[in-house]
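What the coordinates show
Okay, here's what each chain looks like letter by letter:
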Amino acid sequence: MDQVEHRPDSGVLTGVEIAACLNELMKFGSGECVESCSYDMRVGTIFRGSDRISHESSHDSKVIQILPGEFVYIYTMEELTLGYDMIATAYAMNSLSSKGLLVINPGHVDPGFRGPLTVTAWNLNNKPQAIEVGDKMITVLFNRLSENANPFSRNKSRVDRERAFTKHVSTEASIGIAQLIEKNSASQLVTNADLEAVKREISNSPLNWISLIIAIVGLIIAILSVFSSDAQVVQQFPASSAILNQPSRPTFNENSSDGSGPIQPAITPEPTIRNPLP
Ligand SMILES: O=c1ccn([C@H]2C[C@H](O)[C@@H](COP(=O)(O)OP(=O)(O)OP(=O)(O)O)O2)c(=O)[nH]1
């Protein structure tokens, strides 16, 4: 086996190292996004279903309201340009997740990957969430390998990826997601008022009263049948009723002076034997 020469500087890059080689790691990077040991990638293009609804170069309003339950697809503003000896790992940002805006698919980035990262953001909050082109969306750690690895072989330009994505969503994935979005935009989510109306209908329903009456009648029949079976037993076995009617034995120790000691079996006095005649 060949001896592999390990690079002495392999490992996770610090913020200082990221800043020093920012132009090697990505295009359109900003020193302001460098953190202690990571880089916060920003929103570039936003897709709702297959529609591109916001892009950094467009003149439209860049603030997008993600509706409750809605997914949007995001392409990062930065385009990674990883060497063959570099991998990256993308993570959701804590500040967004705590607001209920989940970025659901960040993950590994292969060595040699070139282009924007794509992620899906899902609003789990019951209020719309605003996002804007340029907002920090995912945080990425860079890890230098000890040697070059086989590079990623499916690199495409941003334009080609967006085109392929639009086609894919409009043909396959869009069916479920588009319907979900349509439902949400028509405000078909269950509200408190809906729940109150359902409760009112249930309590006013005649079926509800009928089941209550049936339950009460059933209970009365059950009680009566228990009493009548007791009466039959007493008629057939009068002695048993005498046993049943005996007062229960006290549970304290009758032999103890204060009556509080452990229960002892009753002591039967020994028969006295009279001495035989001398
Ligand atoms: O949040 C992320 C994480 C990674 N990538 C990129 C970088 C990574 O190198 C590439 C992987 O793409 P591929 O098409 O190979 O996706 P996969 O489903 O992960 O396949 P594989 O397991 O073959 O890598 O996707 C993103 O766009 N977004």
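Residues numbered from 1 in each chain as written. Predicted model: local features only at pLDDT ≥ 70, side-chain atom pairs only at ≥ 80, totals over all residues. Heavy atoms only, no water.

Quick notes on the overall build of the protein
Counting secondary structure elements, the protein contains seven helices and 14 strands. Across the 278 residues in the protein, those meeting the buried criterion constitute 29%. Counted over contacts in the protein with a minimum sequence separation of 6, partners at least 24 positions apart contribute 73%. Here the protein displays about 19,000 Å² of accessible surface, and carbon together with sulfur accounts for 58% of that area. (Helix = DSSP H or I, 4+ residues; strand = E, 2+ residues; numbered from the N terminus. Buried < 20%, exposed > 50% of the residue type's maximum accessible area, 1.4 Å probe, protein only. Contact = heavy atoms within 4.5 Å. Areas by Shrake-Rupley, 256 points an atom, 1.4 Å probe, with all protein chains shown as cover.)

Some points on the site of the ligand
Among the 13 residues in the neighbourhood of the ligand, the closest are listed as Pro106, His108, Asp110, Thr118 and Arg154. Between the ligand and the protein, one listed contact pairs an oxygen atom with a backbone N or O atom of Gly107 at 3.5 Å. In the model, an oxygen atom of the ligand is placed 2.5 Å from a nitrogen or oxygen of the Arg154 side chain. Expressed as a share of its isolated accessible area of 590 Å², the protein-covered part of the ligand is 61%. Mapping the ligand onto the cavity grids shows that it belongs to the largest pocket. Sorting the residues of the shell around the ligand by element identifies strand S10 (108-109) and strand S12 (118-123) as the ones contributing at least two each. (Near = heavy atom within 4 Å. Polar contact = N/O pair within 3.5 Å; in protein donor to acceptor, adjacent residues only side chain to side chain. 1 Å grid on protein atoms, 1.4 Å probe; cavity = no way out; pocket = protein on both sides within 12 Å on 5 of 7 lines; lining within 4 Å. Sits in = over half its atoms within 2 Å of the grid points.)

Observations regarding the UniProt feature "transmembrane region" (unreviewed entry) in the protein
Residues annotated in UniProt with the feature "transmembrane region" (unreviewed entry) correspond here to residues 209-227. Secondary structure across residues 209-227 comprises 100% helix and 0% strand; the distance between its end C-alpha atoms is 28 Å. (UniProt positions renumbered as here; feature names shortened; annotations may be inferred.)

So, the nonpolar core
The biggest cluster of nonpolar side chains holds 35 residues, and the ones touching the most others in it are Leu25, Tyr39, Leu80, Leu117, Ile131 and Phe142. Where this core is concerned, the elements lending two or more residues are helix H2 (22-25), strand S3 (39-48), strand S5 (63-66), strand S6 (71-76), strand S8 (86-92), strand S9 (101-103), S12 and strand S14 (136-144). Setting aside anything within four residues of it in sequence, one finds Ile131 in contact with Ile46, Lys62, Val63, Ile64, Ile66, Val72, Ile74, Leu101 and Met137. (Core = buried A, V, L, I, M, F, W, Y, C linked by side-chain atoms within 4.5 Å.)

Some thoughts on the packing of aromatic side chains
Enumeration according to the criterion identifies three aromatic pairs in this entry. Plain terms: the ring middles of Phe71 and Trp122 are 5.0 Å apart, the flat faces sit at 20° to each other, and that makes the pair stacked. In this pair, Phe71 sits in strand S6 while Trp122 sits in strand S12, placing the two residues 51 residues apart along the sequence. Taking the relative accessible area as the measure of exposure, Trp122 reaches 28% and is therefore partly exposed. (Phe/Tyr/Trp six-rings, centres within 6.5 Å; stacked < 30°, edge-to-face > 60°.)

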